[in-house]
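One-letter residues, chain by chain:
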Amino acid sequence: MILVVEDEPSISEVVCLYLRRAGFAVTAVRDGQEALDVLAQRSVELVVLDLMLPRVDGLEVTRRLRAHSEIPIIMLTARGSEADRIAGLELGADDYVVKPFSPQELVSRVRAVLRRARGTSPEPSLEPPLRYEGLEIDPRTRLVVVEGAERTLTTKEFDLLWALASNPRRAFNREQLLERAWGSSDYIDPSTVTVHVRRLREKVERDPSEPRHIITVWGLGYRFDP
Ligand code: CA
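Just so it is clear, the structure is predicted and the values come from calculations on it, not from any experiment.

Rules used in this analysis
Residues numbered from 1 in each chain as written. Predicted model: local features only at pLDDT ≥ 70, side-chain atom pairs only at ≥ 80, totals over all residues. Heavy atoms only, no water. Helix = DSSP H or I, 4+ residues; strand = E, 2+ residues; numbered from the N terminus. Contact = heavy atoms within 4.5 Å. Polar contact = N/O pair within 3.5 Å; in protein donor to acceptor, adjacent residues only side chain to side chain. Pairing = 2+ DSSP bridges. Axes fitted to C-alpha atoms, helices over the stretch in contact; angles between N-to-C directions. Phe/Tyr/Trp six-rings, centres within 6.5 Å; stacked < 30°, edge-to-face > 60°. Buried < 20%, exposed > 50% of the residue type's maximum accessible area, 1.4 Å probe, protein only. Lys NZ or Arg CZ within 6 Å of the ring centre and 35° of its normal. Donors = N, O, S within 2.8 Å, 3.2 Å for Na, K, Ca; no water. Salt bridge = Lys/Arg side-chain N within 4 Å of Asp/Glu carboxyl O. Core = buried A, V, L, I, M, F, W, Y, C linked by side-chain atoms within 4.5 Å.

Caption draft 1: Quick look at the environment of Arg66. When you line up the elements, Arg66 lands in helix 3 (residues 58–66). Beyond its immediate chain neighbours, meaning those up to four positions away, Arg66 contacts Ile71, Pro72, Ile73, Leu91, Gly92 and Asp94. Of the polar contacts made by the side chain of Arg66, one reaches the backbone oxygen of Ile71; its length is 2.9 Å. Separated by 2.9 Å, the side chain of Arg66 and the backbone oxygen of Gly92 make a polar contact.

Shown next as structure tokens:
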């Protein structure tokens, strides 16, 4: 999902319209505090961020977001506000467009930044195998060995297991798992994750009804216990 943070309704509407037409799921908010609230609660793939905002401005949103997150940010800046633009880039924004801009150009920037961001995510195939008690997961061969026996996993089952097991003890919500294992949470029902977790437990847990590794975190999602 792309988060559009812009207090000028006419600009926000046109940006959302073009992004939706380009196939993106979009959420729009009007100020920096609302943006931080959405970012804390939902899985956002990219932020289109106006700098001049009520309550918390765009630079402050960037600063707070970058304290804990690498979510791509494209700034919307006013012509002539070069100091703000530089400050934003130094704080870690990925790109900017200067108002007035063509919405089509913004869509191209969004695509380019997302391509770059996805390109730098670690390729599981380059990682060494993970070895836990009774469980070995090898991303190079995509083989899983449970208590000495090889198990065949589908691509998505493997990607889901890898997303969990390569971050042991970290709790993920279903949207985050969709993004990690499916590459996007757009247009995919989060219950897909539930279904895959059930199948995965049948394949990798000694007793799927009392899982030892793939643990349900009530009210949130799942985590992997080594
Ligand atoms: Ca503004």
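Having seen it, we continue.
Caption draft 2: Fine view of the sheet that holds strand 12 (residues 221–224). Read from one edge to the other, the open sheet built from three strands follows the order 10-12-11, with strand pairing classed as antiparallel. Strands at the two margins of the open sheet, each flanked by one partner only, are strand 10 (172–173) and strand 11 (214–217). Pairing analysis gives four bridges linking strand 11 to strand 12, with the strands arranged antiparallel. Bridging from a neighbouring strand, Ile214 pairs with Phe224 of strand 12. Here helix 6 (residues 155–165) sits on the sheet and contacts strand 10, strand 11 and strand 12; the angle it forms with strand 12, its principal contact strand, is near 70°. Contacting strand 11 and strand 12, helix 8 (residues 191–204) runs over the sheet at an angle of about 145° to strand 11.

Caption draft 3: Focus on the packing of aromatic side chains. Summed over all chains, the structure comprises one aromatic pair. Measuring from ring centre to ring centre gives 4.9 Å for Tyr132 and Phe224, while their planes differ by 45°; the resulting arrangement is tilted. Here Tyr132 is found in strand 6 (residues 130–132), whereas its partner Phe224 is found in strand 12, with 92 residues between them in sequence. Residue Tyr132 is classed as buried on the basis of its relative accessible area, which comes to 18%. Overall, the relative accessible area of 0% leaves Phe224 in the buried class. The lysine or arginine in question, Arg21, covers the ring of Tyr18, its NZ or CZ lying 5.3 Å from the ring centre.

Caption draft 4: Representation of the coordination of the calcium ion. Every protein donor of the calcium ion is listed here as Asp7 (OD), Asp50 (OD) and Met52 (O), and their distances to the metal cover 2.1 to 2.3 Å. Mapping the donors of the calcium ion onto the primary sequence gives the spacing D-x42-D-x1-M. In this pair, Asp7 is assigned in the loop between strand 1 (2–5) and helix 1 (9–21) and Met52 in the loop between strand 3 (46–50) and helix 3, connecting sequence segments 45 residues apart.

Caption draft 5: Summary view of the pattern of salt bridges. Tallying each qualifying case throughout the model produces 17 salt bridges. For Arg109, the salt bridge identified is with Glu105, shortest N-O distance 2.7 Å. Residue Arg109 and its partner Glu105 are located together in helix 5 (residues 103–119), separated by four residues, close to a single helical turn. Arg109 sits in the partly exposed class, given a relative accessible area of 25%. Residue Glu147 pairs with Arg206 through a salt bridge whose shortest N-O separation is 3.0 Å. Taken as a pair, Glu147 in the loop between strand 8 (143–146) and strand 9 (149–151) and Arg206 in the loop between helix 8 and strand 11 lie far apart in primary sequence, 59 residues in all. On the basis of relative accessible area, Glu147 is assigned to the partly exposed category, the value being 43%.

Caption draft 6: How the structure looks around the side chain of Thr27. Within the secondary structure, Thr27 is located in strand 2 (residues 26–29). Here Thr27 falls in the buried class, since its relative accessible area comes to 17%.

Caption draft 7: Main features of the nonpolar core. Counting residues in hydrophobic clusters, the biggest one holds 26 residues, and the most contacted among them are Ile137, Val144, Leu160 and Leu161. Sorting the residues of this core by element identifies strand 6, strand 7 (135–138), strand 8, helix 6, helix 7 (174–182), helix 8 and strand 12 as the ones contributing at least two each. Looking at this core element by element, the count peaks at seven residues for helix 6. Each residue touching Ile137, except ones within four places of it in the same chain, is listed here: Pro129, Leu130, Leu143, Val144, Phe158, Leu161, Trp162 and Ala165. The next biggest cluster of nonpolar side chains, apart from the first, holds 21 residues, and it includes Leu36, Leu39, Val47 and Leu49.

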